[in-house]
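Spelled out from the first residue to the last, the chains are:
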Amino acid sequence: MEAAVVSAVLKTLGPKIFAFVQGNYELRRDLERDIQYIRKELDMIAAAIEDHERRSWGGGDGRISDDVQRIWIEGVRELAYSIEDGIDRYLHDVALGREPGGGGASSSLRQKGHLLKKISIRAKFAAEIRELKRKSEEISKLRILYTSGGQPSASGSSGVSAAASSFLASHTQTPAADLVGMDAPRDEILELMREDQGRPKQLKVISVVGFGGLGKTALARQVYDSVAVGEQYNPRIWVRASDKDAGDVLKEILQQLQVGGVQGHEEGSRDVLVERLRFKRFLIVIDDMRTEYWNAIKNAFPKDTGVSSRVIVTTTIQSIANACSADNGHVYTMRALNENQSKELFFKQTSLEEYAPAEQVMKKCDGLPLALVTTAQLLQSKCQMTPAGCAKLCRYMGDHLENEETLARLKHVLLQNYSSLPGYALKACLLYLSIFPSDHPIKRKRLIRRWLAEGFVEADHCRSAMDVAIDNFKALMDRSIIQPIDVGNDTEAKTCRTHGMMLEFILQKSISENFITSLYDQARLPDKIRRLSLHPKGARAARDKTNSSIDFSLVRSLTIFGEIGPHILEFCKYKLLRVLDLEECEALEDEHLKKISNLSMLRYLSLGGNITTIPKEISNLKFLETLDARKAKTEIIPIPIEVIKLPCLIHLLGVFSLPDVRQQEMSNLQSFLSKKSNLETLAGFVTDQSTEFPQLMRHMNRLTKVKVWCHSTADGNDNFSHLSSAIEEFIQRGTDVNDAPSLSLSFDGCTQDFLDFTLEDNSCYLSSLKLHGQLRSLPLFVTKLGSVTELCLSSSGQLSRDVLASLSNVRSLHYLKLISTELNFVIEQGALKTLRRLCIVVQSLVRLENQEGALPHLESLCLLCKGLNGLCGTRIERLGRIKEVALDDAVSEDTRKEWKEAAKSHPRQPRICLFKTKELVDQMHIGDEPREISHSPAATSPEAENLMKLDNGSEPSVEHRKRKLGDLLFFNSRKANGNIKTEISCGGSSHDAIST
């Protein structure tokens, strides 16, 4: 698994290594030759591991001993680890032995001593590379010796053998009597299949998408076998599509139509199908489509023949679902079972009544029907329906998945999700999720930045490393392996998680491959620890295990959740640490930060706990890319200028204030920022009328995201002219619409005069603009922008008519969020033509009227107002593309009914979603701290229903984390902690989540 990662490391670090051996031709030549050999060996290791995983999933090839193959794989994997260890140790030693500055005789002596030290380091590293080369050759010879009886059999590109596919196919049929929670989804699919009144009769494709084991096939079978479908559709055809290409699917459909003798390519099959299905009202189910070939087969199904035919596609891949249903179709996202349904299904398998100790097992199953059925059967077969038996099953679920035959169906589904991922880098990114505890929300940007710091991804010929990492995250989302919890204004997931059983699977795999070490989950610690994760439940276990002499010198990643013993925080032990995540470490104090400053290889540092300041010694972290102090309990952290001068720093996150800077220091710092700084994210700084921060901001040429809080001085002086110039220059640097910057400003208690500047032309762009304060008018520069995709306006008072009227002049606006005490908003004809999502959060909504022709592209409307009175002037029938409407759960029953009736009569039948919040804009201030209303916008989407088990009126609790000043955007309010409930009014399909 680590092989590809190490290979990437070698390709990246090779030139740097050779740079350190200048002046010694023979050493450089030998080193280069040996590293090239090792690189080739690593490529073979990567291929061998991939082949081994495919064949293991398929049950082996019957010719090579699985045990021999497993032992050989363990050997080559450890070789890959050792290569990475050697490279990191070498770079660490070189970093500590850099040439000292200065001049004179004493300096000359120091330089000679330094040169001797470098030669010693080089020689040691060269010897280590040769030893690794020798080990590699030995392992290769052993492989030839013990596999000479036969070569591994070829595997399909999907990584699934025919035997495995047959196994899965034979276990997909579930007796109807054993199904739970299928009635409502079945009725929703049938509702989607019905003819749309007033629309032409034509083909409609309904894609059912979701994680493996949720019951997509069972749901499709329920629809397929229903009496209503049998009476309306003839012919009906069922095709299992896994491991089939487009031609195979078409041929199987023809076979079921009893059309024989069809030869040739897909084109011939398509032509025959068009003729056979023309003018027939057919239903075709394509089950478990894993490859996107819809565009290759869609023309085989007649569309505009005046017949309402239907195609149902089931898949685990969101992009496939979207492609299949792009034209006049629906995407239906499967929901996990809620708590009551889970209990019903679980205890139906055990033939027992409800049993409290078993609830912890059900929680692990996460509403996944296949997991509930198989784990219940395991408990029943083992006679372990006892408190101890249930606890043991939960504690060692990963081990049971690996070894228990009863869980074989579940294991195959989970392993297929993993094995189908293309490439080792993506698999490593997935395994990395096992660092986080179960039910722990994972921030997307936190995860991506850690991937980059670990070296899991690298730039390719057309994408940066960041772009590759983002694409990897999207790939895992697309395959339904991880689900969004909280969706941002740009519809991207802000936080995510994976299904409970998938997490158990990747945790077991990570531990068995020594990819991570968890002191809580592992009975025996490995000799070499490279990624260490300490969970809250394992605090006591960690104290017990770390009392022994454990070598932490090879640890690359340390993540601490909750309390931990002080010996873990002895950072002198971690020589090669790249990632140090302490944002949830409660024991962190200022005294620890100076020790952290000695970790020369550190690239990612996240801080929480009781820290009050950042020491100057942090300047030693020359490779640091991310410094995140948003979870620190101190509201505003003073930061030394040495931090801003870190050469590799890209992301500086927290609520910081600058010290007074002397003029000479300011001049040097400005020069550095202009020429050498890599800072892209500055979120953010608290500033007053002083000039230090604006002066520095004007020289940060690479900034793409800035967040600033403006504070008035005690004398009430609101002169922010220096900040005004810096903001104007920042905006003017946004000349590329595809790489537009983001700006967030909070000026509560100050006037907005410093924003009264304009732009000369329309060539400047912002991706996001967030303003919080007493907005008497919309700043003129906003309407002069070439475009701003996302605009959020917040006021502790009422937004004036001038502000609302000016919104029509904002170009290319896709998302608009308005927060105030009261709102009276008339959207005139032709206004906000590009807007797709509108969110309004108010105490009192007087009117929201959309005139004819307004909001032509609006898809999501979010009205969070407890006192909402009916439609409040909104004409939903004028919103031709509306998909979702979200309301506050506190609205009256009459208002709910009115919105549901309006949605039913709409051609698109939009979903009506309800937010249940205990507190919502009841109080517009908490002291002087800007706060953002904290909802879970993903709760309006089917993905969130999967996660929160929202189905048929269930109301599970969603505890929103307390948000600090540094995490928030711009709004003063009380937290919105509470429950969330989603209701589906018309059986609508899956759509983009509303972002609040």
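Residues numbered from 1 in each chain as written. Predicted model: local features only at pLDDT ≥ 70, side-chain atom pairs only at ≥ 80, totals over all residues. Heavy atoms only, no water.

Participant: Quick question: what am I supposed to make of the overall build of the protein chain here?
Facilitator: Counting its regular elements, the protein chain contains 32 helices and 28 strands. Relative to its full complement of 996 residues, the protein chain shows a buried share of 58%. In the protein chain, once contacts between residues fewer than 6 apart in sequence are set aside, the share between residues at least 24 apart is 68%. A total of about 39800 Å² of accessible surface is found on the protein chain, and carbon and sulfur atoms cover 47% of it. (Helix = DSSP H or I, 4+ residues; strand = E, 2+ residues; numbered from the N terminus. Buried < 20%, exposed > 50% of the residue type's maximum accessible area, 1.4 Å probe, protein only. Contact = heavy atoms within 4.5 Å. Areas by Shrake-Rupley, 256 points an atom, 1.4 Å probe, with all protein chains shown as cover.)

Participant: Explain the sheet that holds strand 4 (residues 310–315) here, please?
Facilitator: Within a beta sheet, neighbouring strands are joined by backbone hydrogen bonds and run either parallel or antiparallel to one another. The parallel open sheet is built from five strands, whose spatial order is 2-3-4-1-5. The two strands at the open ends of the sheet, each matched to only one other strand, are strand 2 (236–240) and strand 5 (330–333). Taken over all neighbouring pairs, the strand axes of this sheet differ in orientation by 15° on average, direction set aside. Across four bridges, the pairing between strand 3 (residues 283–287) and strand 4 is parallel. Opposite Ile 284, over in strand 4, you have Val 311 as the bridge partner. (Pairing = 2+ DSSP bridges. Axes fitted to C-alpha atoms, helices over the stretch in contact; angles between N-to-C directions.)

Participant: Can you help me understand unusual backbone geometry in this one?
Facilitator: When glycine is set aside, most residues are seen to have a negative phi, and most peptide bonds are trans. Between Asn 234 and Pro 235 the backbone carries a cis peptide bond, its omega angle lying at 10°. Note that Pro 235 resides in the loop between helix 8 (227–232) and strand 2. Looking along the chain, the bond that leaves Ala 683 and enters Gly 684 is cis, with omega of 0°. Here Gly 684 shows up in strand 17 (residues 681–687). One non-glycine residue with positive phi stands out, namely Asp 288, at about 65°. Here Asp 288 lies in the loop between strand 3 and helix 11 (294–297). In this structure Asp 288 comes out as buried when scored by relative accessible area, which is 13%.

Participant: Sorry, what's going on with the pairing of strand 13 (residues 604–607) here?
Facilitator: Every regular strand shows the same layout, with side chains that alternate between the two sheet faces. Of the two faces of strand 13, the one lined by Tyr 604 and Ser 606 and the one lined by Leu 605 and Leu 607 are each fully buried. For the crossover that starts at strand 12 (residues 579–585), traverses helix 24 (residues 590–596) and ends in the parallel strand 13, the hand is right-handed. As defined by bridge partners, strand 13 adjoins strand 14 (residues 626–628) across three bridges and the pair is classed as parallel. In the sheet register, Ser 606 faces strand 14, and the bridge partner there is Asp 628. (Right-handed = clockwise from strand over helix to strand, strands pointing away.)

Participant: Mind showing me how you'd approach the environment of Glu 492 here?
Facilitator: Residue position: Glu 492 is located in the loop between strand 7 (482–487) and strand 8 (493–498). Judged by its relative accessible area of 25%, Glu 492 falls in the partly exposed class. In sequence terms Glu 492 and Arg 444 are 48 residues apart; their C-alpha atoms lie 9.0 Å from each other.

Participant: What am I meant to see in the side chain of Asp 366 here?
Facilitator: Assignment of secondary structure puts Asp 366 in the loop between helix 14 (359–365) and helix 15 (369–382). Judged by its relative accessible area of 5%, Asp 366 falls in the buried class. Polar side-chain contacts of Asp 366 include one of 3.0 Å to the side chain of Arg 497. (Polar contact = N/O pair within 3.5 Å; in protein donor to acceptor, adjacent residues only side chain to side chain.)

Participant: In this structure, what is going on with the packing of helix 15 against helix 16 (residues 387–395)? I would like to understand it.
Facilitator: Axis angle and axis distance: for two packed helices, these are the angle between their axes and the distance between the axes, and together they describe the pair. Put simply, helix 15 and helix 16 touch, their axes get as near as 11 Å, and they point 135° apart. Between helix 15 and helix 16, the crossing angle belongs to the class labelled oblique. In this structure, the crossing between helix 15 and helix 16 has a hand that is right-handed. Here helix 15 contributes Thr 375, Leu 378 and Leu 379 to the contact with helix 16, which in turn contributes Gly 389, Cys 390 and Leu 393. For the contact of helix 15 with helix 16, the per-class residue count stands at four nonpolar, two polar and no charged. (Parallel < 35°, antiparallel > 145°, perpendicular 65-115°, else oblique. Left-handed = near helix turned anticlockwise from the far one by under 90°. Nonpolar A, V, L, I, M, F, W, Y, C, P; charged D, E, K, R; others polar.)

Participant: Would you mind showing me how to read the pairing of strand 18 (residues 705–710) here?
Facilitator: When you tally the buried positions in strand 18, you get five out of six residues, the bulk of the element. Where strand 17 lies against strand 18, six bridges are found, and the strand directions are parallel. Residue pairing for strand 18: Val 686 is matched across the bridge by Trp 709. Once you follow strand 17 into helix 27 (residues 692–697) and on to strand 18, the crossover reads as right-handed. As paired elements, strand 18 and strand 19 (residues 742–746) share five bridges and run parallel to each other. Bridging across to strand 19, Lys 705 finds its partner in Ser 742.

Participant: Looking at this model, I keep getting lost on the confidence of the model for the protein chain. Mind explaining?
Facilitator: Residues shown with low pLDDT carry predicted positions that ought not to be read at fine detail. With 73% of its residues at a pLDDT of 70 or more, the protein chain has an overall mean of 78. Segment residues 57–65 is flagged for pLDDT under 50; beyond a separation of four residues in sequence, or across chains, it makes 27 contacts in the model. Confidence drops under pLDDT 50 across residues 99–105; counting only partners more than four residues distant or on other chains, this segment forms nine contacts. (pLDDT = per-residue confidence, 0-100.)

Participant: Help me understand a positive patch on the surface in this model?
Facilitator: A cluster of basic side chains, namely Arg 199, Arg 836, Arg 881 and Arg 908, defines a positive patch on the protein surface. Mapping Arg 881 onto the fold places it in the loop between strand 24 (860–864) and strand 25 (884–888). Arg 881 gets classed as partly exposed once you look at its relative accessible area, which sits at 40%. (Patch = residues over 30% accessible without salt bridge, like charges linked within 9 Å, V, L, I, M, F, W, Y side chains within 5 Å. Salt bridge = Lys/Arg side-chain N within 4 Å of Asp/Glu carboxyl O. Lys, Arg positive; Asp, Glu negative; His and termini not counted. Charge placed at Lys NZ, Arg CZ, Asp CG, Glu CD.)

Participant: What is the right way to read the sheet that holds strand 7 from this model?
Facilitator: Taking strand neighbours across the sheet as the criterion, the three strands line up as 6-8-7 in an open arrangement whose pairing is antiparallel. Of all strands in the sheet, those with a lone pairing partner are strand 6 (442–443) and strand 7, marking the two edges. The pairing of strand 6 with strand 8 spans two bridges and is antiparallel. Residue Lys 443 lies in a different strand from strand 8, and its bridge partner there is Thr 495.

Participant: Teacher, can you tell me more about the environment of Glu 74 here?
Facilitator: Along the chain, the position of Glu 74 falls in helix 3 (residues 66–96). According to the relative accessible area criterion, Glu 74 is partly exposed, its value standing at 41%. Between the alpha carbons of Glu 74 and Glu 513 there is a distance of 7.7 Å; along the sequence they are 439 residues apart.

Participant: Quick question: what am I supposed to make of helix 26 (residues 663–675) here?
Facilitator: For an α-helix the count is 3.6 residues per turn, leaving residues at separations of three or four pointing the same way. Over its 13 residues, helix 26 extends 19 Å from the first C-alpha to the last, a length consistent with the 18 Å expected when each residue adds 1.5 Å. Along helix 26, the positions that sit buried rather than exposed are Met 666, Leu 669, Gln 670, Phe 672 and Leu 673. Buried positions in helix 26, seen along its axis, are confined to an arc of 165° and lie on one side of it. Exposed residues lying more than 90 degrees from the buried face of helix 26 are Gln 664 and Lys 675. Contact partners of the buried residues in helix 26: helix 25 (641–644) and helix 27. (Expected span 1.5 Å × (residues − 1). Arc of directions from axis to C-beta.)

Participant: So what exactly am I meant to see when it comes to helix 18 (residues 408–419) here?
Facilitator: With 12 residues, helix 18 extends 16 Å from end C-alpha to end C-alpha; this agrees with the ideal 16 Å at 1.5 Å per step. Most of helix 18 sits inside the fold, with 10 of its 12 residues counted as buried.

Participant: Sorry if this is basic, but what is going on with the pattern of salt bridges here?
Facilitator: Opposite charge on two side chains allows them to pair when their charged atoms are near. Following the criterion strictly, the structure yields 41 salt bridges and no others. In this structure, Arg 497 engages Asp 439 in a salt bridge whose closest nitrogen and oxygen atoms are separated by 3.3 Å. Taken together, the positions of Arg 497 in strand 8 and Asp 439 in the loop between helix 19 (424–431) and strand 6 put the pair 58 residues apart, joining distant regions of the chain. By relative accessible area, Arg 497 is classed as buried at 8%. Owing to a relative accessible area of 44%, Asp 439 belongs among the partly exposed residues under this scheme. One network of salt bridges, in which partners are shared, links Lys 443, Arg 446, Arg 450, Asp 581, Glu 583 and Glu 584.

Participant: In this structure, what is going on with the packing of aromatic side chains? I would like to understand it.
Facilitator: Enumeration according to the criterion identifies 15 aromatic pairs in this entry. Ring geometry for Tyr 224 versus Trp 238: centroids 5.4 Å apart, planes at 85°, classification edge-to-face. Taken together, the positions of Tyr 224 in helix 7 (residues 216–225) and Trp 238 in strand 2 put the pair 14 residues apart, joining distant regions of the chain. A centroid spacing of 5.5 Å and a plane angle of 50° characterise the contact between Phe 720 and Phe 754, whose relative ring orientation is tilted. In this pair, Phe 720 is assigned in the loop between strand 18 and helix 28 (721–732) and Phe 754 in the loop between strand 19 and strand 20 (765–772), connecting sequence segments 34 residues apart. Overall, the relative accessible area of 2% leaves Phe 720 in the buried class. Residue classification places Phe 754 among the buried residues on the basis of a relative accessible area of 5%. Connected via pairs of aromatic rings, a cluster forms that spans Phe 282, Trp 294 and Phe 301. (Phe/Tyr/Trp six-rings, centres within 6.5 Å; stacked < 30°, edge-to-face > 60°.)

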